[in-house]
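Now for the letters of each chain:
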2 protein chains.
Amino acid sequence: MVKQVRAARTRRALLQAAAEVFAADGYAMASLPSISARAGVSAGALHFHFSSKALLATEVENAAAEVLRSAVERSRSSSATWLETLVDATSGLLVAMAADPVVCAGFRLGSDPSRKNGPGLPGWWRTWVHDLVVQARAAGELADDVSPEGATAVIVAATVGFGALGSREHDWLSPERAGQFWAFVLPRLAASPQQATGAVTGASGAE
Amino acid sequence: MVKQVRAARTRRALLQAAAEVFAADGYAMASLPSISARAGVSAGALHFHFSSKALLATEVENAAAEVLRSAVERSRSSSATWLETLVDATSGLLVAMAADPVVCAGFRLGSDPSRKNGPGLPGWWRTWVHDLVVQARAAGELADDVSPEGATAVIVAATVGFGALGSREHDWLSPERAGQFWAFVLPRLAASPQQATGAVTGASGAE
């Protein structure tokens, strides 16, 4: 039992160290020795838990997806409207990218040019955003002339862009930036000015 | 003289090959031998023109900036309004990122995690977009409640995001996507519906 607890702790430390190295240097430059050293474990222990760098990257992405999925669920249950959920989840993602290396690395790995994989986390994010936008339309919260596809594309592209720009200038991942984004986007998205205002004041992450 | 012409041609071929390799594999994975082989020149010829991979990347960024600067200038002289210039230049950038490896690589190098440099091309793009938005405000083309900083942030983040997403799914860099983006953003940005419509129908790149 003690052994299992220790193994789980080592695994978490390795994922955290891998995320920090991926977020700082990108996938190609990240080396397994630098990851095991940062986690304070031996190369053998790393290999026991993760057989390759590719697997480590996939597990960081999965862990980030799990954090995000829970955050979207929380936004959903604490929000009065779909627009408020969207504002809260997006602002939460930007704040998490700044504060949590796992989310930051997981998101950036999805558009890292040195890694040849599928759409990854940005792809899942796109599905979630689209789902929320479609729900908002069905609930009469969207302006009539807004296309769900267009709105999804703008929100997803801007989120990915904030993440990429944030790797050089941290300011792009601040709550102020998320607020600025929604101050611009919500009046266009919402069916009425009241709904736009309600979505911002209701959402906790966008002060 | 013939020698100088040949040297200039070799230099161009090397920049083009480097851009293709950077765009496909990212900075860290790009190797000088693969670049010289793709350009059809010897390793010695590459070293004669560019003493390092870092210098090659900087020169690709400079060449991309020059292409973009000319494109913005052309948009500016062919457009009737600042909003039309903005639509035309942004759509032109997305199309150029899909069609021209130099522009694509130059833009992506600016947020490549394996390269530790300044804000690069995305930083210059931000300055240009901000300048156009400020001119649009001064000319009375912007809606009163739009903040130039917020509008600039959304346009720049979305452009960078389209570029990053386009590395996995080419569709993100299509003219249709640019049209979708402006159909969403312009009604919010423009002082009047007429100005929003005029900016799209006037701009050549956003059909």
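Residues numbered from 1 in each chain as written. Chains lettered and ligands numbered in written order. Predicted model: local features only at pLDDT ≥ 70, side-chain atom pairs only at ≥ 80, totals over all residues. Heavy atoms only, no water.

- Going by an unreviewed UniProt entry, chain A carries the name TetR family transcriptional regulator and comes from Streptomyces brasiliensis.

## What about the overall build of chain A?
For step 1, the next point in the chain: Of the regular secondary structure elements, chain A holds 10 helices and zero strands.
For step 2, the next point in the chain: Helices and strands appear in chain A in the N-to-C order α-α-α-α-α-α-α-α-α-α.
For step 3, the next point in the chain: Its C-alpha atoms give chain A a radius of gyration of 19 Å, within 12% of the compact-globule value 17 Å for 207 residues.
For step 4, the next point in the chain: Within chain A, the fraction of its 207 residues that count as buried is 52%.
For step 5, the next point in the chain: Taking all contacts inside chain A whose residues are at least 6 apart in sequence as the whole, residues at least 24 apart take part in 68%.
For step 6, the next point in the chain: With 18 positive and 19 negative side-chain charges, chain A shows a separation of 11 Å between the mean positions of the two kinds. (Helix = DSSP H or I, 4+ residues; strand = E, 2+ residues; numbered from the N terminus. Rg over C-alpha atoms; globule rule 2.2 N^0.38 Å. Buried < 20%, exposed > 50% of the residue type's maximum accessible area, 1.4 Å probe, protein only. Contact = heavy atoms within 4.5 Å. Lys, Arg positive; Asp, Glu negative; His and termini not counted. Charge placed at Lys NZ, Arg CZ, Asp CG, Glu CD.)

## So, the UniProt feature "DNA-binding region" (unreviewed entry) in chain A
For step 1, the next point in the chain: The UniProt record marks residues 31–50 of chain A with the feature "DNA-binding region" (unreviewed entry), using the residue numbering of this structure.
For step 2, the next point in the chain: Between the C-alpha atoms that bound residues 31–50 of chain A the distance is 13 Å, and the span itself is 75% helix and 0% strand. (UniProt positions renumbered as here; feature names shortened; annotations may be inferred.)

## Considering empty space enclosed by the protein
For step 1, the next point in the chain: As enumerated under the stated definition, the model contains six cavities of 30 Å³ or more in all.
For step 2, the next point in the chain: The volume enclosed by the largest cavity comes to roughly 260 Å³.
For step 3, the next point in the chain: Lining the largest cavity are 20 residues; nearest its centre among them are Ser111 and Ala164 of chain A together with Ser111, Pro113 and Ala164 of chain B.
For step 4, the next point in the chain: Listing elements by their share of the lining of the largest cavity, those giving two or more residues are helix H6 (101–109) and helix H8 (148–166) of chain A together with helix H6 (101–109) and helix H8 (148–166) of chain B.
For step 5, the next point in the chain: Considering only residue class, the lining of the largest cavity consists of 10 nonpolar, six polar and four charged.
For step 6, the next point in the chain: The volume enclosed by the second largest cavity comes to roughly 70 Å³.
For step 7, the next point in the chain: Contributing to the lining of the second largest cavity are Gly110, Ser111, Pro119, Pro122, Gly123 and Arg126 of chain A together with Ala164, Leu165, Arg168, Glu169 and Trp172 of chain B. (1 Å grid on protein atoms, 1.4 Å probe; cavity = no way out; pocket = protein on both sides within 12 Å on 5 of 7 lines; lining within 4 Å. Points joined across faces, edges and corners; volume = space filled by probe spheres on them. Nonpolar A, V, L, I, M, F, W, Y, C, P; charged D, E, K, R; others polar.)

## Here we look at the relation of the copies chain B and chain A
For step 1, the next point in the chain: Between chain B and chain A, the superposition needs a rotation of 180 degrees and an axial shift of 0.0 Å, giving an RMSD of 0.0 Å. Taken together, the rotation and translation relating the two chain copies correspond to the operation of a two-fold axis.
For step 2, the next point in the chain: In this assembly, 100% of the residues forming the interface of chain B have copies in chain A that are likewise at the interface, indicating an isologous arrangement. (Least-squares fit on C-alpha atoms with pLDDT ≥ 70 in both.)

## Topic: the nonpolar core
For step 1, the next point in the chain: Counting residues in hydrophobic clusters, the biggest one holds 136 residues, and the most contacted among them are Phe22 and Leu189 of chain A together with Phe22 and Leu189 of chain B.
For step 2, the next point in the chain: Setting aside residues up to four positions removed in sequence, Phe22 of chain A forms contacts with Tyr27, Ala30, Ile35, Lys53, Leu56, Ala57, Val60, Ala105 and Leu109 of chain A. (Core = buried A, V, L, I, M, F, W, Y, C linked by side-chain atoms within 4.5 Å.)

## So, helix H1 (residues 2–29) of chain B
Residue and element names in this part refer to chain B.
For step 1, the next point in the chain: Here H1 contains 28 residues, and its C-alpha end-to-end distance of 35 Å is more than 12% below the 40 Å for a straight helix at 1.5 Å per residue.
For step 2, the next point in the chain: Within H1, the full set of buried residues consists of Thr10, Leu14, Leu15, Ala17, Ala18, Ala19, Val21, Phe22, Ala23, Gly26 and Tyr27.
For step 3, the next point in the chain: In the core, the buried residues of H1 are packed alongside helix H2 (32–39), helix H3 (43–49), helix H4 (53–78) and H6. (Expected span 1.5 Å × (residues − 1).)

## Concerning the packing of aromatic side chains
For step 1, the next point in the chain: Taken as a whole, this structure holds eight aromatic pairs over all chains when the rule is applied.
For step 2, the next point in the chain: Summarising the aromatic geometry, the rings of Phe162 of chain A and Trp172 of chain A are spaced 5.7 Å apart at their centres and angled 45 degrees between planes, so their arrangement reads as tilted. Here the residue Phe162 of chain A occupies a position in helix H8, and Trp172 of chain A occupies one in the loop between H8 and helix H9 (175–189), the gap between them amounting to 10 residues. The pair formed by Phe162 of chain A and Trp172 of chain A is uniform in burial state, with each residue classed as buried.
For step 3, the next point in the chain: Above the ring of Phe184 of chain A, the side-chain terminus of Arg188 of chain B is found at 5.6 Å from the ring centroid. (Phe/Tyr/Trp six-rings, centres within 6.5 Å; stacked < 30°, edge-to-face > 60°. Lys NZ or Arg CZ within 6 Å of the ring centre and 35° of its normal.)

## Thoughts on the interface of chain B and chain A
For step 1, the next point in the chain: Listed as interface residues are 45 residues of chain B and, on the opposing side, 45 residues of chain A.
For step 2, the next point in the chain: If you look at where chain B meets chain A, you find two salt bridges.
For step 3, the next point in the chain: A salt bridge links Glu169 of chain B to Arg126 of chain A; the shortest N-O distance between them is 3.4 Å.
For step 4, the next point in the chain: For the pair chain B and chain A, the interface holds 12 residue pairs in polar contact (both at pLDDT 80 or more).
For step 5, the next point in the chain: Listed by contribution, the elements that provide at least two residues to the side of chain B that touches chain A are H1, helix H7 (120–138), H8 and helix H9 (175–189) of chain B.
For step 6, the next point in the chain: Grouping the amino acids of the side of chain B that touches chain A by side-chain chemistry returns 25 nonpolar, 10 polar and 10 charged. (Salt bridge = Lys/Arg side-chain N within 4 Å of Asp/Glu carboxyl O. Polar contact = N/O pair within 3.5 Å; in protein donor to acceptor, adjacent residues only side chain to side chain.)

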